[in-house]
Amino acid sequence: MEAASNPLSWDNIPSMPPSAMRAVKDITFGSIAGMVSKVFEHPFDLTKVRLQSQVLDTTARFNGPIDCLVKTWKNEGVRGLYRGLPAPIVAAMLENASLFLSYSELQDVIRRINSQPLSHDLSLPQLALAGAGAGAITSFLLTPVELVKCKMQVQMIAPKPLSASIPESTAAAALDSSVAPISRPLPGPIAILMSVIRTEGLRGLWLGQTGTLIRECGGGAAWFATKEFVGTKLIKQRGSELTRKDILPWESALSGACAGGIFNFSMFPADSIKSTMQTEEDLRPRGSNAPKPTFLGTAKAMYRAQGVKGLYAGCGITVARSIPSSAIIFLIYDGLSSRFG
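Attention here is on the structure that accompanies the text. Predicted model only: the values in this text are computed from it and were never measured.

Thresholds applied
Residues numbered from 1 in each chain as written. Predicted model: local features only at pLDDT ≥ 70, side-chain atom pairs only at ≥ 80, totals over all residues. Heavy atoms only, no water. Phe/Tyr/Trp six-rings, centres within 6.5 Å; stacked < 30°, edge-to-face > 60°. Helix = DSSP H or I, 4+ residues; strand = E, 2+ residues; numbered from the N terminus. Buried < 20%, exposed > 50% of the residue type's maximum accessible area, 1.4 Å probe, protein only. Lys NZ or Arg CZ within 6 Å of the ring centre and 35° of its normal. Contact = heavy atoms within 4.5 Å. 1 Å grid on protein atoms, 1.4 Å probe; cavity = no way out; pocket = protein on both sides within 12 Å on 5 of 7 lines; lining within 4 Å. Points joined across faces, edges and corners; volume = space filled by probe spheres on them. Nonpolar A, V, L, I, M, F, W, Y, C, P; charged D, E, K, R; others polar. Axes fitted to C-alpha atoms, helices over the stretch in contact; angles between N-to-C directions. Left-handed = near helix turned anticlockwise from the far one by under 90°. Salt bridge = Lys/Arg side-chain N within 4 Å of Asp/Glu carboxyl O.

**Re the packing of aromatic side chains**
Thinking step 1. Applying the stated criterion across every chain, the model contains 14 aromatic pairs.
Thinking step 2. Look at phenylalanine 29 and phenylalanine 340: their rings are 6.4 Å apart centre to centre, the planes differ by 35°, and that puts the pair in the tilted class. Of this pair, phenylalanine 29 sits in helix α1 (residues 18-53) while phenylalanine 340 sits in helix α10 (residues 315-340), and the two are 311 residues apart along the sequence.
Thinking step 3. In this structure phenylalanine 29 comes out as buried when scored by relative accessible area, which is 3%.
Thinking step 4. Residue phenylalanine 340 is classed as partly exposed on the basis of its relative accessible area, which comes to 29%.
Thinking step 5. Both rings, one in tyrosine 103 and one in phenylalanine 224, keep their centres 3.8 Å apart while their planes meet at 10°; by these two values the pair is stacked. Of this pair, tyrosine 103 sits in helix α3 (residues 86-113) while phenylalanine 224 is found in helix α6 (residues 209-238), placing the two residues 121 residues apart along the sequence. The pair tyrosine 103 / phenylalanine 224 is uniform in exposure class, with both members buried.
Thinking step 6. The cationic tip of arginine 339 hangs over the ring face of phenylalanine 340; the distance from NZ or CZ to the ring centre is 4.8 Å.

**What about the environment of valine 55?**
Thinking step 1. One can find valine 55 in the loop between α1 and α2 (65-81).
Thinking step 2. For the pair valine 55 and methionine 302, spaced 247 residues apart in the sequence, the C-alpha separation amounts to 6.5 Å.
Thinking step 3. For valine 55, the contacting residues outside a window of four places in its chain are Met302, Ala305, Gln306, Gly310 and Ala313.

**Regarding the layout of surface pockets**
Thinking step 1. Put simply, the largest pocket is a space of about 1,300 Å³.
Thinking step 2. For the largest pocket, the lining is made up of 39 residues, of which Ser104, Arg244, Lys245, Tyr333 and Ser337 are closest to its centre.
Thinking step 3. Those elements that provide at least two residues to the lining of the largest pocket are α1, α3, α6, α7 (249-266) and α10.
Thinking step 4. Among the elements that make up the lining of the largest pocket, the one with the highest residue count is α10 (seven residues).
Thinking step 5. When the residues that make up the lining of the largest pocket are grouped by side-chain class, the tally is 15 nonpolar, 13 polar and 11 charged.

**Some remarks on unusual backbone geometry**
Thinking step 1. Even without being glycine, serine 115 reaches a positive phi, approximately 55°.
Thinking step 2. Within the secondary structure, serine 115 is located in the loop between α3 and α4 (124-153).
Thinking step 3. Looking at serine 115, the relative accessible area reads 68%, which means it is exposed.

**Here's the deal with the packing of α6 against α10**
Thinking step 1. Direction vectors running N to C along α6 and α10 enclose 65°, while the axes themselves pass 13 Å from each other. The handedness of the crossing between α6 and α10 comes out as right-handed. Here α6 contributes Trp223, Phe224 and Lys227 to the contact with α10, which in turn contributes Ser326, Ile329, Phe330 and Asp334.
Thinking step 2. A breakdown of the residues in the contact of α6 with α10 according to their chemical character gives four nonpolar, one polar and two charged.

**Some remarks on empty space enclosed by the protein**
Thinking step 1. Scanning the model with the defined rule gives two cavities of 30 Å³ or more in all.
Thinking step 2. Looking at the largest cavity, its volume works out to about 470 Å³.
Thinking step 3. Contributing to the lining of the largest cavity are 31 residues, with Lys38, Glu41, Glu95, Asn264 and Arg321 lying nearest its centre.
Thinking step 4. For the lining of the largest cavity, the elements supplying multiple residues, two or more each, are α1, α3, α4, α6, α7, α8 (268-283) and α10.
Thinking step 5. Residues that form the lining of the largest cavity fall into these classes: 12 nonpolar, eight polar and 11 charged.

**Looking at the pattern of salt bridges**
Thinking step 1. Evaluation of the coordinates by the stated rule reveals 22 salt bridges.
Thinking step 2. Across the pair glutamate 146 and lysine 274 runs a salt bridge whose closest N-O atoms are separated by 2.9 Å. With a gap of 128 residues between them, glutamate 146 in helix α4 and lysine 274 in helix α8 connect regions that are remote in the sequence. In terms of burial, glutamate 146 and lysine 274 fall into one category: buried.
Thinking step 3. What emerges from the salt-bridge pattern is a single network uniting Lys38, Glu41, Asp45, Lys48, Glu146, Lys149, Arg215, Glu216, Asp271, Lys274 and Arg321.

This is the structure in structure tokens:
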């Protein structure tokens with residue numbers, strides 16, 4: 001007797017071309033992987049943003065990542081450690097869905113340009129090129145979400161209302177990081193988003209785009225190339241006839257962990273400059289008539305303030321959290337691809 005088919009199988013979705021089916025899988029698997037990893041890493045990302053945003057301050061609020069985590073826990077509790085979480089979850093889902101979808105599609109583009117069959121395995125430089133292109137595409141989706149996220153993550157340490165267009169009743173009062181915060185309503189992601197649009201227009205949502213583009217383009221190349229290189233090396237140790245599809249869960253996790261560390265360390269200065277630009281008006285307001293921060297201008301100011309050290313503020317905790325986070329992403333993505341691919 002023929003076994004009954006699984007009604008939840010991807011193969012039972014009617015009249016969908018293979019390319020469209022693969023795109024749906026990339027979006028779905030990437031979104032799930034990104035969401036799970038972001039819940040794990042958010043407190044460390046919040047710490048990174050707060051350390052990055054104090055580089056241009058005359059007096060540092062925090063003495064390092066541990067001090068930042070302890071003070072945040074003491075003054076704001078668990079809720080403070082997860083402040084601004086909805087925006088990062090949306091960003092992580094968008095980022096990973098876009099990255100994996102674009103990465104797959106760009107690989108096919110490279111194969112077509114080189115008149116190669118779609119089943120052909122690309123070289124490592126070609127995979128890095130596809131990763132860089134995927135990162136570049138993804139950066140335009142990420143910048144607005146990261147702008148909202150960064151503004152939310154510095155709400156409790158902002159010395160004045162986050163925006164003149166946000167009512168005083170919802171604005172943050174002046175606050176020293178060592179003093180317990182006053183209980184008060186704070187603007188949520190939608191309020192912050194609408195405030196930016198009202199004051200800066202739609203273009204204001206892409207403040208820091210240059211930094212995001214550099215980080216995602218270079219980081220995407222490093223992330224995918226490192227994962228493919230390490231993963232392939234591990235697979236080939238078990239048998240030269242095996243392919244990338246034969247990767248084991250622990251191999252996905254280990255290669256993903258290596259990729260996460262390389263990504264974040266190599267592109268960290270660009271991320272620091274971006275975060276500083278996106279929190280500049282909240283932490284060091286200069287008035288509505290002051291020129292907007294630029295990527296090069298902010299980079300120079302950070303270098304003058306603290307040298308190379310300032311460009312790597314929060315790097316240690318970022319790399320530390322990115323290793324397990326990236327391992328989780330590829331473990332979930334490769335696992336779902338193997339199970340439902």
